[in-house]
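As a plain string of letters, each chain reads:
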Amino acid sequence: MSDRYMWFEGVPFPTMGFTPELMREAWESFVFKDEDVLILTYPKSGTNWLIEIVCLICSKGDPKWIQSVPIWDRSPWVEAEYGYNSLKDKEGPRLISSHLPIQLIPKSLSNSKAKVIYLIRNPRDVLISGYFFWRTSYFVKKAESLKEYFECFIKGNVIYGSWFDHIHGWMSMRGKENFLILSYEELKRDTRSTVDKICQFLGRKLEPEEMNSLLKNSSFQVMKENKMSNYSLLRGQFLDENGILLRKGTSGDWKNHFTVAQAEAFDKIFQDKMADLPRELFPWQ
Ligand SMILES: Nc1ncnc2c1ncn2[C@@H]1O[C@H](COP(=O)(O)O)[C@@H](OP(=O)(O)O)[C@H]1O
Ligand SMILES: CCc1ccc(OS(=O)(=O)O)cc1
């Protein structure tokens, strides 16, 4: 599967919308501002759900913004050509998204007070979500089978590289006051409390009716029907007609797809690679 990537500094990226020249420019020259909010994830961890929630926090639960502006314009991807160009001269506080591993994030982040939210998800569910999603995309070579994709994922031979390296890299930021770590699993289990946590981190307060509107408008079903958020506008250009961002929206779907041997192999790899990090960071384990 590795013949259809754009490689930058040893990490594979999609072939459409990314160039080494622009990635280098973003890495070296993009300036984070203290008032920016950066939404960081490894792909397929619930990125767009978190973006929707943060947008609704900013609009105090009013859905007008999320219903009228595509999600990639509300929180552009700093590493992608389109996102970088729309962000670099943007005035005021910005919402910024990225899937970059820590070593490739624009260097100015380390000197800024920008608030960073890092969302993690059970890598088994990340793997399954990616397997189904990338099959419908035009910018990543399709895996022939789940078996092939499983092998690529554990080797880090997928876009944005190894999940294990991504987590290790960003976890070095834990404890910093401008760095909030959340999990897809806690967001799913208790959305309201997790949104409260995000509000507190961002220094925002929502009235009860604003919170209720946020919860309704960022729910799986409502987001799935919002064409500004469900990626249906990307069909034809980046995704084929089967391209679905909001596929299942559950925790544990991997159990419906992994063989017993794959589950055992994954457990072993996880134990080997993540043993140095506290278990509490991984609420699904
Ligand atoms: N409002 C929501 N509630 C729950 N899950 C959501 C969601 N919006 C998106 N997701 C899930 O997040 C995953 C996509 O992540 P990303 O935004 O990082 O690409 C998909 O997982 P599944 O493929 O397991 O359904 C998708 O269904
Ligand atoms: C521009 C980089 C990018 C954007 C969105 C992607 O899909 S997802 O958010 O992971 O579903 C992938 C890469």
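For the structure, check the block above.
Residues numbered from 1 in each chain as written. Chains lettered and ligands numbered in written order. Predicted model: local features only at pLDDT ≥ 70, side-chain atom pairs only at ≥ 80, totals over all residues. Heavy atoms only, no water.

Sorry, what's going on with the site of ligand 1 here?
The environment of ligand 1 is made up of 18 residues, and the closest members are Thr47, Asn48, Ser129, Lys248 and Gly249. Gly46 places a main-chain nitrogen or oxygen 3.0 Å from an oxygen atom of ligand 1. With the chains in place, 98% of the 570 Å² that ligand 1 exposes on its own is no longer accessible. Taken together, the elements giving at least two residues each to the shell around ligand 1 come down to helix H2 (47–58) and helix H12 (220–225). Residue contributions to the shell around ligand 1 peak at three residues, all from H2. Looking at the shell around ligand 1 residue by residue, the classes come out as six nonpolar, eight polar and four charged. (Near = heavy atom within 4 Å. Polar contact = N/O pair within 3.5 Å; in protein donor to acceptor, adjacent residues only side chain to side chain. Areas by Shrake-Rupley, 256 points an atom, 1.4 Å probe, with all protein chains shown as cover. Helix = DSSP H or I, 4+ residues; strand = E, 2+ residues; numbered from the N terminus. Nonpolar A, V, L, I, M, F, W, Y, C, P; charged D, E, K, R; others polar.)

Can you walk me through the packing of aromatic side chains in this structure?
Under the criterion given, the structure shown has 33 aromatic pairs. Note on Phe8 and Trp27: the rings are 5.9 Å apart at their centroids and 80 degrees apart in plane angle, and the pair reads as edge-to-face. Of this pair, Phe8 sits in strand E1 (residues 6–8) while Trp27 sits in helix H1 (residues 20–29), placing them 19 residues apart in sequence. Over the ring of Phe270 we find Arg124, and its NZ or CZ is 5.5 Å from the ring centre. (Phe/Tyr/Trp six-rings, centres within 6.5 Å; stacked < 30°, edge-to-face > 60°. Lys NZ or Arg CZ within 6 Å of the ring centre and 35° of its normal.)

I'm lost on the pattern of salt bridges in this one. Help?
Where charged atoms from two side chains of opposite charge approach closely, those side chains can pair. With the rule as written, the count across this model stands at ten salt bridges. A salt bridge links Arg247 to Asp253; the nearest nitrogen and oxygen atoms lie 3.0 Å apart. What makes Arg247 partly exposed here is its relative accessible area of 28%. Given the relative accessible area of 3%, Asp253 is considered buried. Linked through salt bridges whose partners overlap, the residues forming this network are Arg247, Lys248 and Asp253. (Salt bridge = Lys/Arg side-chain N within 4 Å of Asp/Glu carboxyl O. Buried < 20%, exposed > 50% of the residue type's maximum accessible area, 1.4 Å probe, protein only.)

Looking at this model, I keep getting lost on the site of ligand 2. Mind explaining?
Taken together, Phe18, Pro43, Lys44, Asn48, Trp77, Ala80, His99, Phe133, Trp134, Tyr160, Tyr231 and Leu245 form the complete shell of residues around ligand 2. Lys44 places a polar side-chain atom, nitrogen or oxygen, 3.0 Å from an oxygen atom of ligand 2. At 3.3 Å, a side-chain N or O of Asn48 approaches an oxygen atom of ligand 2. Tallied by class, residues from the shell around ligand 2 come to nine nonpolar, two polar and one charged.

Just to check I follow, could you spell out the sheet that holds strand E3 (residues 37–41) for this structure?
For sheets, the rule is that strands pair by backbone hydrogen bonds, running either parallel or antiparallel. One open sheet accounts for four strands, arranged E4-E3-E5-E6; its pairing is parallel. Here the strands that pair on one side only, and so sit at the sheet edges, are strand E4 (95–98) and strand E6 (179–183). Pairwise comparison of adjacent strand axes, ignoring direction, gives a mean angle of 20 degrees for this sheet. Each of E3, E4, strand E5 (115–120) and E6 touches H2; the most contacted strand, E3, lies at about 160 degrees to it. Sheet strands in contact with helix H10 (residues 191–202) are E3, E5 and E6, and its direction is about 170 degrees off that of E6. (Pairing = 2+ DSSP bridges. Axes fitted to C-alpha atoms, helices over the stretch in contact; angles between N-to-C directions. Contact = heavy atoms within 4.5 Å.)

Help me understand the state of the cysteines, please; the structure alone is not making it clear to me.
Covalent bonding between the sulfur atoms of two cysteines defines a disulfide. Applying the stated rule across the entire model yields zero disulfides. Unpaired in terms of disulfides, Cys55 finds its nearest cysteine sulfur in Cys58, a separation of 6.4 Å. (Disulfide = S-S within 2.5 Å.)

I'm lost on unusual backbone geometry in this one. Help?
In terms of backbone geometry, most residues other than glycine have negative phi values and most peptide bonds are trans. Phi angles above zero are rare outside glycine, and Glu9 is one such case at about 50 degrees. Classification of Glu9 by relative accessible area gives partly exposed; the value is 46%. One non-glycine residue, Lys60, adopts positive backbone phi at about 55 degrees. Mapping Lys60 onto the fold places it in the loop between H2 and helix H3 (64–68).

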